[in-house]
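Each chain is listed here by its residues.
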Amino acid sequence: MTQRLGVNVDHVATLRQARRTSYPDPVTAAALAELAGARQITIHLREDRRHIQDRDLRILRDTCQTLLNLEMAATPEMVKIAYEYKPDVVTLVPERREELTTEGGLDVTGQREAVAKIIKNLKDGEIIVSLFIDPDLDQVRAAHKVDANRIELHTGRYCEARNERERARELSRIVDAAKSAAKLGMSVAAGHGLNYDNVQPIARIQEIDELNIGHSIVGRAVLVGFERAVREMLELMRNPG
Ligand code: PXP
């Protein structure tokens, strides 16, 4: 089975916010991504609202035809917003104002009780909860202990590997973490930094059933159009070799 592609439309909003215009609209991009075969729309509502705005979440909740995955920090403000808009999935991510993008996974081992409490709260609201973690077996076990439905493995280090040896090592960490999570009964997603050149080894991992990809798709969409950019990514995922 081909993995589900979740298209992250944050950087459509980045372009809009650069000029504080009303275009390009990530809501329109989400509709085009769905028409091209995306089976999930992913957005990250950051504390500093640097790209996605509350308005985007509100409209996408109404218009999204597939699954809406809200990435957010584990804060009381964000939990309140999740309760108000009820995305299908919440992915808890660490967040630091000064970072360019999400730099590491959530440290679940270091804050088990707090994470467990937020997960319970969200699950009581019938929201599926995923934890964005590094491909580390301790973090996988901790995610299971705090009762997460899913994990999303951070592929950043694999994508940024400087040579083949390093890349192979990072890939095997992802494979091990995915197998271990699947054995524990959690579903497994992956994402961050994936592009048209590095996606296929990740698309070959049986235990991973979803990829969330944003920057590379939006970057290509500027040049070739959104639907074509999504279709070309799906083609690589469907035939990963
Ligand atoms: N998954 C998670 C949890 C993320 O935080 C991000 C970045 O917002 C992505 C996937 C998508 O990463 P990229 O834009 O590098 O494809």
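How each quantity is defined
- Residues numbered from 1 in each chain as written.
- Predicted model: local features only at pLDDT ≥ 70, side-chain atom pairs only at ≥ 80, totals over all residues.
- Heavy atoms only, no water.
- UniProt positions renumbered as here; feature names shortened; annotations may be inferred.
- Near = heavy atom within 4 Å.
- Polar contact = N/O pair within 3.5 Å; in protein donor to acceptor, adjacent residues only side chain to side chain.
- Nonpolar A, V, L, I, M, F, W, Y, C, P; charged D, E, K, R; others polar.
- Pairing = 2+ DSSP bridges.
- Helix = DSSP H or I, 4+ residues; strand = E, 2+ residues; numbered from the N terminus.
- Axes fitted to C-alpha atoms, helices over the stretch in contact; angles between N-to-C directions.
- Contact = heavy atoms within 4.5 Å.
- Buried < 20%, exposed > 50% of the residue type's maximum accessible area, 1.4 Å probe, protein only.
- Phe/Tyr/Trp six-rings, centres within 6.5 Å; stacked < 30°, edge-to-face > 60°.
- Lys NZ or Arg CZ within 6 Å of the ring centre and 35° of its normal.

Per an unreviewed UniProt entry, the protein carries the name Pyridoxine 5'-phosphate synthase and comes from Stigmatella aurantiaca. The record in UniProt for the protein states the following under Catalytic activity (unreviewed entry): "3-amino-2-oxopropyl phosphate + 1-deoxy-D-xylulose 5-phosphate = pyridoxine 5'-phosphate + phosphate + 2 H2O + H(+)".

Caption draft 1: Inspection of the site of the ligand at higher detail. Within the structure, the ligand sits among 13 residues, and Glu71, Glu152, Gly193, Gly214 and His215 are positioned closest to it. One of the side-chain N or O atoms of asparagine 8 is found 3.5 Å from an oxygen atom in the ligand. Here an oxygen atom of the ligand sits 2.8 Å away from a polar atom, N or O, in the main chain of glycine 214. Of the residues in the shell around the ligand, the class split is 3 nonpolar, 7 polar and 3 charged.

Caption draft 2: Structural context of the sheet that holds strand β4 (residues 89-92). The sheet built from 8 strands closes into a barrel, its strands ordered β1-β2-β3-β4-β5-β6-β7-β8 with parallel pairing. Neighbour-to-neighbour, the strand axes of the sheet open up by a mean angle of 25 degrees, direction not taken into account. Note that strand β6 (residues 150-154) and strand β7 (residues 187-191) share 5 bridges and pair parallel. From the neighbouring strand, histidine 154 faces β7, where its bridge partner is glycine 191. On the sheet, helix α5 (residues 112-124) packs against β3 (67-72), β4 and β5 (128-133) and is oriented at approximately 150 degrees with respect to β5.

Caption draft 3: How the structure looks around the UniProt feature "site: Transition state stabilizer" (unreviewed entry) in the protein. Per the UniProt entry, the sites bearing "site: Transition state stabilizer" (unreviewed entry) are Glu152 in this numbering. Among all residues touching glutamate 152, those that are not within four sequence positions of it are Thr91, Ser130, Leu131, Phe132, Ile133, Ala189, Ala190, Gly191 and Asn212.

Caption draft 4: Up close: the pairing of strand β8 (residues 208-213). Across the 6 residues that make up β8, a large majority, 5, are buried. The sheet contact formed by strand β1 (residues 4-8) and β8 spans 4 bridges and is parallel. By the bridge assignment for β8, leucine 5 is matched with leucine 211. Both β7 and β8 contribute to a ladder of 4 bridges, which runs parallel. Across the sheet, the residue bridging to alanine 190 is leucine 211, located in β8.

Caption draft 5: Geometry of the packing of aromatic side chains. The final tally for this structure, using the stated rule, is 0 aromatic pairs. The ring of tyrosine 158 has arginine 167 lying over it, and the distance from NZ or CZ to the ring centre is 5.2 Å. Directly above the ring of tyrosine 196 sits arginine 220, whose terminal nitrogen or CZ lies 3.6 Å from the centroid.

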